[in-house]
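Observations on the model geometry
Here's the letter readout for the chains.
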Amino acid sequence: MHAKSPVASEAPARILALVVAANGRIDDSELRTLDGLEAYRRLGVKRERFIELSQHCLEEIGTSLCEQSWLRMSDMLYINALLGQVDDPAKRLLVCRLAAGVITADGRVSKDERRVYDHILGHWQISQPMVTDAILHDHDHAH
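Residues numbered from 1 in each chain as written. Predicted model: local features only at pLDDT ≥ 70, side-chain atom pairs only at ≥ 80, totals over all residues. Heavy atoms only, no water.

Focus on the overall build of the chain
So the rule is basically this: Note on conventions: DSSP H or I runs of at least 4 residues are helices, E runs of at least 2 residues are strands, and numbering of each starts at the N terminus. Buried, partly exposed and exposed residues are distinguished by accessible area as a fraction of the type maximum, computed with a 1.4 Å probe on protein chains only: under 20%, between the cut-offs, and over 50%, respectively. Throughout, a contact is declared for two residues whenever any of their heavy atoms are within 4.5 Å.
Counting secondary structure elements, the chain contains 9 helices and 0 strands. Ordered by position from the N terminus, the helices and strands of the chain form the series α-α-α-α-α-α-α-α-α. The proportion of buried residues among the 143 residues of the chain is 47%. Within the chain, contacts between residues separated by at least 24 positions form 78% of all contacts whose residues are at least 6 apart in sequence.

Have a look at this one:
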């Protein structure tokens, strides 16, 4: 069995970083929410590295995501390439659970964040009730 490359091992964190960048900025309230959920430790990255990943996503795709009301084919290909790097169902559900925390962190869900979040759920075939259940059973990391 081969060890995962550093890039592949960061794939869950990269996907969450994309959700953070989806509204065209890296919001402090989102980072604080992730702090409270111990997201960085759970995804195997340091907080500083996660911010770097978010900044990279912002530069790569984040600003274009908030320029229109749909996902362009290039956006979907970028996102799907990241999503394809995570094949563990538990890790996928964890990313979706943390993403739900991110998109609600500032008290409102932007269309950009919702579009990316819904795309992730659909691609991985994870339902909102599954995410809600994961949130309810996430006792160890509740605020």
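Thoughts on the environment of Leu-37
Here Leu-37 lies in the loop between α3 (28-36) and α4 (39-43). Under the relative-accessibility criterion, Leu-37 is labelled buried at 3%.

Section: the environment of Tyr-78
Structurally, the position occupied by Tyr-78 is in helix α6 (residues 73-83). For Tyr-78, a relative accessible area of 22% translates into the label partly exposed. The spatial distance from the C-alpha of Tyr-78 to the C-alpha of Glu-60 is 9.2 Å, given a sequence separation of 18 residues. Not counting the four nearest positions on each side in its chain, Tyr-78 is found in contact with Leu-18, His-56, Cys-57, Glu-60 and Ile-61.

Concerning unusual backbone geometry
Of note in this structure, Glu-38 is not a glycine but carries a positive phi near 55°. Even without being glycine, Gln-125 reaches a positive phi, approximately 55°. A relative accessible area of 69% places Gln-125 in the exposed class.

Here's the deal with the nonpolar core
Counted only if it meets this: We call a set of buried residues a nonpolar core when its members are Ala, Val, Leu, Ile, Met, Phe, Trp, Tyr or Cys and they connect through side-chain atoms within 4.5 Å of each other.
In terms of nonpolar packing, the biggest core is built from 42 residues, with Leu-16, Leu-34, Phe-50 and Trp-124 touching the most fellow members. Contributions of two or more residues to this core are made by α2 (11-21), α3, α4, α5 (47-65), α6, α7 (89-104) and α8 (111-124). Per element, the largest residue contribution to this core is 9 residues, and it comes from α2. Discounting residues that sit within four places of it in the chain, Leu-16 has contacts with Leu-34, Ala-39, Leu-43, Phe-50, Val-95, Leu-98, Ala-99 and Val-102.

That is the geometry; function is a separate question.
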